[in-house]
Amino acid sequence: MDTVFQIVLTTHIVAGFTSLALFFIPAFAKKGSKLHNTVGRWYVFGMWTVVVSALLLCAARLYQGHFVQALFLGFLALLTSGPLFYGIAVLRNKREPSAKMKRIQLALETTLAIGGIYLAGAGLGWWGPGGHTLLLIFGILGMAITISGLVDKYRGKQKEYDWLVEHLSGMLVTAIAAFTAFFAFGGRNIFGNLFGGNLEIIAWVTPTILGVTFIRYYKWKLKKKKKNATSKAIITLLLITSTFGTLSAQLYVEKQSRYRFAQLNFGADVHSSIGGNAVFTGPSGPHPVSLGTTGAPRLILGGTHFWGHADFQVAFPLITSGFQNGGKDITIYTGVETAFKYYPWRIEQGKIRPYIGFSIAPLVYEQKDEDIPFGQGPEQEYNTIPLKTGLTFNHKSHLLELGLTWNYANQQDYPISRTDIAEITLPPVFLSLSYRYFLDTTVSGEEDWENGNFDKTTEKLAAKGQLNNFFLGIAPSSAWWNGKSSYNEQERPYINKFSTTVMPDLTAGYYLHHPDLNLAINHRSMVTSAKAYGTEQALNRRSIGFEVTKAFGDFHGFVPFAGPILSREHLEFTETFEGEVTQQNTQNKWAAGLTFGWDIRPNRLQVFTLRTNLRWYPKLHLDLADDQQISFGALEFNFIQLIIYPERLF
């Protein structure tokens, strides 16, 4: 049995790698050429080999008890086989799909939709323990690409048939599946820990994002070549120009319109703290230790708004900084910082501009005293709102910035033992030097907006109900744990805060055009912990939320929204004290909260929008014995979420 399994596995791997290598030849060769046709046949044969061997491996993994791997392999084989069959069948049926094609495609789509629902449930842990984000992502993907099509078939709606577009889409979807499987499994041996932890999601979804972009580009290119362009081709062109912009900066200098209101930017900085004092206990009582100067690099993701007068950004620390001093270990760094900066004189090419602002900056501090038993202090997170100022220089699409941050609330209490609390002095001043790159995604749609094309197209599609669409969303999000726990106040007073969590935020929903309303389901998995003086606590929260948000107004493409969220919460609390488990509790409950935020939406035809949302649960806790509680209260902040409307791609 093991020998047969190894043969099938080897065949699967060889066929997969061969297909990945062959894909790029027919993809970029002249369509219809001998090279395209010959290598294309090899690619199709290789992919069918991958599908069949994946199904055999799926059966083997089920027999061996590896449920997650079996489920994923089986679903990926199903996801690949549909477009692989249809993408080749259209070559023999160029005028219209045959009745046999329709029956087989309907069966495959129905099976894939049902499989997607089951896979998403498995990813959420509905069918038992062992939920996995990868299963959830592809379960949602399977539902998204099939359910809307099945609904259209049920309603009797016929979509435009173009054999070349169908062939292209089918082959690219098979490549997306193949590359996803490679990054999820085999790619780990190449990239190692580059995409570890929650960052794995980047490797899993990148093939889908790139593949969808290529599909969209080629569809636009093929439609553009048609001499007798239909109104649908015009709509597709409008969607493309509304979605993909130019890589230029300071567009608002020439004109201030909704298409020049905001620009995306990304980059990095070096962030340094200056000054401050720690306090350690000793034979003669508490004594101070200087914090000195520390520095660490950060990734920055942000966006300028209000035509260069405002800048919102989030900075993600890449490493933690600290030092040792005679058996005393100190760690201090700024966590995920969210900043707002105001420019009295807008950012412009070749000019230095001053700014003022503030940020929400969790300052993380921890100390360890090796001279006392269980001398590990808590990783304390002080949520401060420091003031900011600095200078920004703009050259073309580049921003250079020198910044100064004043942490005026730098006197804070810190437990230096299980029973003693001392006042420490956190760094009062931070310096930063950053580089960022401008990226505009909207200005190319400005001409169509001004000449009325967007309004006409929007009215036409809205009248047909074609702007009521399904959507998918994905982004990194953070949770700031801010609730107070009665259990810790009474039993563990040296633990009063938990660390900020960064996690993937997955959303799927339906958009209603006329009321400007979003109906959505989302999933977040949050894990945090605290450790101090022999006590270790861990919180685990899995949340499935059902939310309704309503847009309120439209200020030059800046669209605020708000609404309620009702979620099913799975809460876990575990504690060990000096190596012994003292608490192990689980609770499932319903919780109500509030969702609010804004979209950057120049028009309502776009294939994607950029969304910022926050979620707040005022009363969320896990009940313990003796009427005690552990708080799971947190403010979730999803800075930039990519919202994609798959139906607008086709």
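Provided above is the structure to which this section pertains.
Residues numbered from 1 in each chain as written. Predicted model: local features only at pLDDT ≥ 70, side-chain atom pairs only at ≥ 80, totals over all residues. Heavy atoms only, no water.

Peer 1: Even after reading the chapter, I still don't get a nonpolar patch on the surface, so can you show me in this structure?
Peer 2: Residues Ile274, Phe358, Ile360, Ile385, Leu387, Leu404, Trp406, Tyr408 and Leu431 make up a contiguous nonpolar surface patch of roughly 780 Å² in combined accessible area. Contributions of two or more residues to the nonpolar patch are made by β9 (352-369) and β12 (398-406). With respect to the helices, strands and loops of the structure, Ile385 is situated in the loop between β10 (380-384) and β11 (387-395). Accessibility expressed as a relative area gives 46% for Ile385, which makes it partly exposed. (Patch = residues over 30% accessible without salt bridge, like charges linked within 9 Å, V, L, I, M, F, W, Y side chains within 5 Å. Areas by Shrake-Rupley, 256 points an atom, 1.4 Å probe, with all protein chains shown as cover. Salt bridge = Lys/Arg side-chain N within 4 Å of Asp/Glu carboxyl O. Helix = DSSP H or I, 4+ residues; strand = E, 2+ residues; numbered from the N terminus. Buried < 20%, exposed > 50% of the residue type's maximum accessible area, 1.4 Å probe, protein only.)

Peer 1: Could you clarify how one ought to interpret the sheet that holds strand β22 (residues 608-616) in this entry?
Peer 2: One key point about sheets: their strands pair by backbone hydrogen bonds, in either a parallel or an antiparallel sense. A barrel is described by the order of its strands in space; here 8 strands give the closed sequence β16-β17-β18-β19-β20-β21-β22-β25, paired in antiparallel fashion. Averaged over all pairs of adjacent strands, the angle between their axes in this sheet comes to 20°, without regard to strand direction. Across 11 bridges, the pairing between strand β16 (residues 469-481) and strand β17 (residues 501-512) is antiparallel. Residue pairing in the sheet places Ser478 in a bridge with Val502 of β17. (Pairing = 2+ DSSP bridges. Axes fitted to C-alpha atoms, helices over the stretch in contact; angles between N-to-C directions.)

Peer 1: Is there a simple way to think about unusual backbone geometry in this case?
Peer 2: Backbone geometry follows two general trends: most residues other than glycine have a negative phi, and most peptide bonds adopt the trans configuration. Even without a glycine there, the phi angle at Asp516 is positive, about 55°. For Glu578, which is not glycine, the phi torsion reads 55° and is therefore positive. Residue position: Glu578 is located in the loop between β20 (558-577) and β21 (580-600). By relative accessible area, which is 40% here, Glu578 ends up partly exposed.

Peer 1: Explain helix α4 (residues 99-123) here, please?
Peer 2: At 3.6 residues per turn, the α-helix brings residues three or four places apart onto the same side. Under the 1.5 Å per step criterion, the end-to-end length of α4 is 36 Å for 25 residues, consistent within 8% with the ideal 36 Å. Looking only at α4, the buried set comprises Met101, Gln105, Glu109, Leu112, Ala113, Gly116, Leu119, Ala120, Gly121, Ala122 and Gly123. (Expected span 1.5 Å × (residues − 1).)

Peer 1: What should I look at first to understand the packing of aromatic side chains in this one?
Peer 2: What characterises a pair of aromatic rings is the spacing of the ring centres plus the angle enclosed by the ring planes. On inspection of all chains with the given rule, the structure shows 18 aromatic pairs. Relative to Phe340, the ring of Phe312 has its centre 5.1 Å away and its plane inclined at 45°; by these criteria the two rings are tilted. Remark: Phe340 occurs in strand β8 (residues 337-342) and Phe312 occurs in strand β5 (residues 310-317); sequence separation between them is 28 residues. Its relative accessible area of 18% is what places Phe312 among the buried residues. Between the NZ or CZ atom of Lys341 and the centre of the ring of Tyr355, over which it lies, the distance is 4.9 Å. Residue placement shows Arg492 over the ring face of Phe577; its charged tip is 4.7 Å from the ring centre. (Phe/Tyr/Trp six-rings, centres within 6.5 Å; stacked < 30°, edge-to-face > 60°. Lys NZ or Arg CZ within 6 Å of the ring centre and 35° of its normal.)

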